Amino acid sequence: MGTFAFPDANVSAWLAGLLDSAMDAIITVDEAQRVVLYNRAAERIFGWPAAEMRGAPLSKLLPERYRAGHGNHLHRFGATGTTTRRMSGSSVVYGLRANGEEFPVDASISQLDTPQGKLFTVILRDVTDRAESEQEQARLAARLSGLLDSAMDGIITVDQSQKIILYNRAAERIFGWSALQVMGRPMDMLMPKRFRRGHKAHVEQFGATGVTSRRMGDRTVLMGVRATGEEFPIDASISQLETPEGKLFTVILRDVTDRVRAQEELAAFAAEASGVREQEKSRIARELHDELAQSLTALKMDADWARANLQDPAAAAAKLTQMLALLDESIAATRRIAADLRPLVLDDLGLMPALEWLTDTFTERHGVQCELEADEGLDLQEPYATAVFRIIQESLVNVGKHAGAREVRVRLVRSGPGVVVSIEDDGAGFRPGDPRKPQSLGLVGLRERARLLHGSVAVASEPGHGTRVEARIPLDLQAPAA
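Every value quoted in this text rests on a predicted model; they were computed, and no experiment measured them. (Residues numbered from 1 in each chain as written. Predicted model: local features only at pLDDT ≥ 70, side-chain atom pairs only at ≥ 80, totals over all residues. Heavy atoms only, no water.)

Participant: Please give an account of the pattern of salt bridges that cites residues and values.
Facilitator: The tally for this structure, following the rule as stated, stands at 19 salt bridges. Here Arg468 ties to Glu424 by a salt bridge, and the two come within 3.2 Å at their closest N and O atoms. Here Arg468, found in strand S17 (residues 467–474), pairs with Glu424, found in strand S15 (residues 418–425); they are 44 residues apart in sequence, far enough to count as distant. Residue Arg468 is classed as partly exposed on the basis of its relative accessible area of 27%. Under the relative-accessibility criterion, Glu424 is labelled partly exposed at 36%. A salt bridge links Arg468 to Glu470, with the shortest nitrogen-to-oxygen separation between them at 2.8 Å. Salt bridges sharing partners connect three or more residues here, namely Glu424, Arg468, Glu470 and Arg472. (Salt bridge = Lys/Arg side-chain N within 4 Å of Asp/Glu carboxyl O. Helix = DSSP H or I, 4+ residues; strand = E, 2+ residues; numbered from the N terminus. Buried < 20%, exposed > 50% of the residue type's maximum accessible area, 1.4 Å probe, protein only.)

In structure tokens:
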């Protein structure tokens, strides 16, 4: 670049005014790196007045740790012949104020050959606010990243082409793909092939609506696919955001495999329970007809006969004796039918006598030793007493039907604010994860009884090693009405 001379003093004054009106600091140094020009913006930024800086070394405006390096940098730049370039490359350049405070700057440097030698001019800007803003943005980004990664739901963001640009740790756990494996790949890799075309059209249609967010699926079950190829149900909502780079779509999703399985089991339980109720009604109807109705019919016929034969006292007395025996049998049948529906001892004497009757009856019917262990003085009120009784009763029914056990142990104890019920047998055992047999209410009924009282049921079993059913029921919560 050639040298310029300004013969007119007015031009020099104009140039000086122009430099002093600049918003950026402008500093010129000679080959010895002594300041020869220092405008008003430099005074504001560095805090040194121009009178003190003219002739002073440029290093006065630099933190001490950068001074030697800066001098070498300036010499190398002068040797390149390049007229101008930005300083520092990708690193941050720092200046030093008169009060000793360091601050970041953006700077560019140029060189000019003059008859008096090279002149180097630095134009710089204090970027403290911008640097602080970038640091704050970095902190916010770190916090947001931590928040996203601590979320229990999967969070996935895609761009307008539906390529994945955000994929949190919960999504990694749910789908089995790592973030590195999915970033930049199409979203439809996470769903079964039969849904991919429809999903792409759904997202495009959603983008056209302008609605910011909504639940996906319209009450239907959505399906995802894991890295293993396994399909699973999900709940999902989608939102969209306009950015300078285009629309971003974010899906928040949750694996609802357990919930859907529980709903299916409850639906099956309700259907099967309804069938069982009908069977029970039919059984009771048969017993009432076969035992009570026939007995009552026989009694009526005997009563008619006795009335017609009052003139024969001996025959009438014999008939009355037969009628009393038949009445005794009818009363016993009535009590047995009622006890099958609900043992009166539970209402009359309480839970402990009812459990003793239940375990004794189980031993008599199945020939299996049944041991009862319970805390002394444990007296549960309704609806807890009935729930505990039914849980034990249904567990013993399961043992009698399926276990082939030689011994059963029933235990009822207090545990903190609740009770623990356990039924353990030494029978055949099973795999709890195996599909249920058709028409088998089994564990679903036990879990539903416990759930109604805010409790839970756990099952431990394996083939050949028996089964342990444990129900935990809190007593300090508000229970549903019996």
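Participant: Lay out the confidence of the model for the protein in plain terms, naming residues and giving numbers.
Facilitator: Across the protein, pLDDT averages 79, with 81% of residues at or above 70. Looking over the protein, one finds the lowest element-wise mean pLDDT in strand S9 (residues 213–215), namely 64, and the highest in helix H2 (residues 40–46), namely 92. Predicted confidence is poor over residues 1–6, with pLDDT under 50, and the contacts of this stretch with residues over four places away or in other chains come to 10 contacts. For residues 477–482, every residue scores under 50 in pLDDT, and the model assigns this stretch 12 contacts once sequence neighbours within four places are set aside. (pLDDT = per-residue confidence, 0-100. Contact = heavy atoms within 4.5 Å.)

Participant: Describe the side chain of Thr28, listing the residues and the values that go with them.
Facilitator: Along the chain, the position of Thr28 falls in strand S1 (residues 25–30). Residue class for Thr28 comes out buried when judged on its relative accessible area of 7%.

Participant: Lay out helix H8 (residues 193–209) with the relevant residues and their values.
Facilitator: Given a rise of 1.5 Å per residue, 17 residues ought to cover 24 Å, and the 26 Å separating the end C-alpha atoms of H8 matches this to within 8%. His199, Val203, Phe206 and Gly207 are the residues of H8 that are buried. (Expected span 1.5 Å × (residues − 1).)

Participant: Residue-level account of the nonpolar core, with values.
Facilitator: By size, the foremost hydrophobic cluster in this structure holds 36 residues, and its most contacted members are Leu351, Ile392, Leu396, Val408 and Leu412. Those elements that provide at least two residues to this core are helix H12 (351–366), helix H13 (384–403), strand S14 (407–415), S15, helix H14 (442–452), strand S16 (456–461) and S17. For this core, the element with the highest residue contribution is H13, accounting for 10 residues. Look past the residues within four positions of Val408 in its chain and what remains in contact with it is Phe362, Val368, Gln369, Cys370, Glu371, Leu396, Val399, Ile423, Glu424 and Asp425. Within the second largest apolar cluster, 24 residues are counted, among which are Ile27, Val35, Leu61 and Ile109. (Core = buried A, V, L, I, M, F, W, Y, C linked by side-chain atoms within 4.5 Å.)

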